[in-house]
Amino acid sequence: VSPGVYKEKLVVSNLVGTKDKPIRIVGDSTSTSTYPIIDGGDPTYSSSTDKPGVTVSKSSWVSFERLNLKDHSQSTYYLDGSSYIVIRRNVIKYNKFAVRSANMSNHVLMEYNDITQNLPANYSWTTLKDSKYEGGAYVSFGGAGYIEIRNNSMKNMFNGVHRFILEDLYKK
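Thresholds, definitions, all that
- Residues numbered from 1 in each chain as written.
- Predicted model: local features only at pLDDT ≥ 70, side-chain atom pairs only at ≥ 80, totals over all residues.
- Heavy atoms only, no water.
- Core = buried A, V, L, I, M, F, W, Y, C linked by side-chain atoms within 4.5 Å.
- Buried < 20%, exposed > 50% of the residue type's maximum accessible area, 1.4 Å probe, protein only.
- Helix = DSSP H or I, 4+ residues; strand = E, 2+ residues; numbered from the N terminus.
- Contact = heavy atoms within 4.5 Å.
- Salt bridge = Lys/Arg side-chain N within 4 Å of Asp/Glu carboxyl O.
- Pairing = 2+ DSSP bridges.
- Axes fitted to C-alpha atoms, helices over the stretch in contact; angles between N-to-C directions.

Undergrad: Explain the nonpolar core here, please?
TA: Nonpolar side chains tend to gather and get buried jointly when the protein is soluble and globular. By size, the foremost hydrophobic cluster in this structure holds 23 residues, and its most contacted members are Phe64, Tyr77, Ile92 and Ile115. Of all the elements in the fold, those that place two or more residues in this core are β5 (54-57), β6 (60-65), β8 (75-80), β9 (83-88), β10 (91-94), β11 (97-102), β12 (106-111) and β14 (136-141). If sequence neighbours within four positions are ignored, tyrosine 77 has contacts with Val54, Phe64, Leu67, Leu69, Ile87, Asn90, Ile92, Ala98, Val99 and Arg100. One finds Tyr45, Leu119, Leu128 and Tyr133 within the second-largest nonpolar core, a separate group that totals five residues.

Dropping the structure here:
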């Protein structure tokens, strides 16, 4: 992917790579300052509907590298029933969820990302608790597991990693 600003959503659906030949979506630049920007256009988090920057649905062996994703509501990456997903060396500025995993998504690797949450000025834990910002860098709603999160920079966020157990979801 060439450097520049892209104001569109990326959807990967029903695509299957392999361990030896994964599907790779990679920015051309090796400098974070010129990574291609996928701009969700909602820096103040005004939308109450989820409009992920990247949706990966029923796909496997897919890798995203050297991208700058910002201002998506609510999720930046949404993994839906997918496996063997790599999110590496990205800059992610998110509103509620940097990565939201659902429907038994599994085998996810997040590494070497710079992850920051867009939070209102002068926030405190009590003002954020139960607010629209209560999310996290990695949040699983029924993800199956096998998640590896390593060597990331995570800052200015309400939660780092939050996993809901399937039984807890059904009780609500």
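Undergrad: How should I be thinking about the pattern of salt bridges in this particular structure?
TA: Once the charged atoms of two side chains with opposite charge are near each other, the side chains can pair. Going through the model one piece at a time under the given rule, you end up with nine salt bridges. We note a salt bridge from glutamate 65 to arginine 88, for which the minimum N-O separation is 3.4 Å. Here arginine 88 lies in strand β9 and glutamate 65 lies in strand β6, a separation of 23 residues in the sequence. Given the relative accessible area of 7%, glutamate 65 is considered buried. When the shortest N-O distance is used, the salt bridge between glutamate 111 and arginine 88 registers 2.7 Å. Here glutamate 111, found in strand β12, pairs with arginine 88, found in strand β9; they are 23 residues apart in sequence, far enough to count as distant. What emerges from the salt-bridge pattern is a single network uniting Arg24, Glu65, Arg88, Glu111, Glu148 and Arg150.

Undergrad: Please explain unusual backbone geometry as it appears in this structure.
TA: The bulk of non-glycine residues show a negative phi, and the bulk of peptide bonds are trans. Of note, the bond from serine 73 into glutamine 74 is cis; its omega dihedral lies within 30 degrees of zero at -10°. The topology assignment puts glutamine 74 in the loop between β7 (68-70) and β8. Unusually for a residue other than glycine, lysine 58 sits at a positive phi of about 50°. For lysine 58, the position within the fold is in the loop between β5 and β6.

Undergrad: Whenever I open this one, the sheet that holds β9 confuses me. Can you help?
TA: Pairing within the open sheet is parallel, and its five strands lie in the order β3-β6-β9-β12-β15. In the strand order of this sheet, the two ends are held by β3 (23-26) and β15 (145-150), each with one partner. Pairwise comparison of adjacent strand axes, ignoring direction, gives a mean angle of 5° for this sheet. Relative to β6, β3 runs parallel, the two being bridged by four bridges. Bridge pairing links arginine 24 to serine 63 in β6.

Nothing here speaks to function; it is all geometry.
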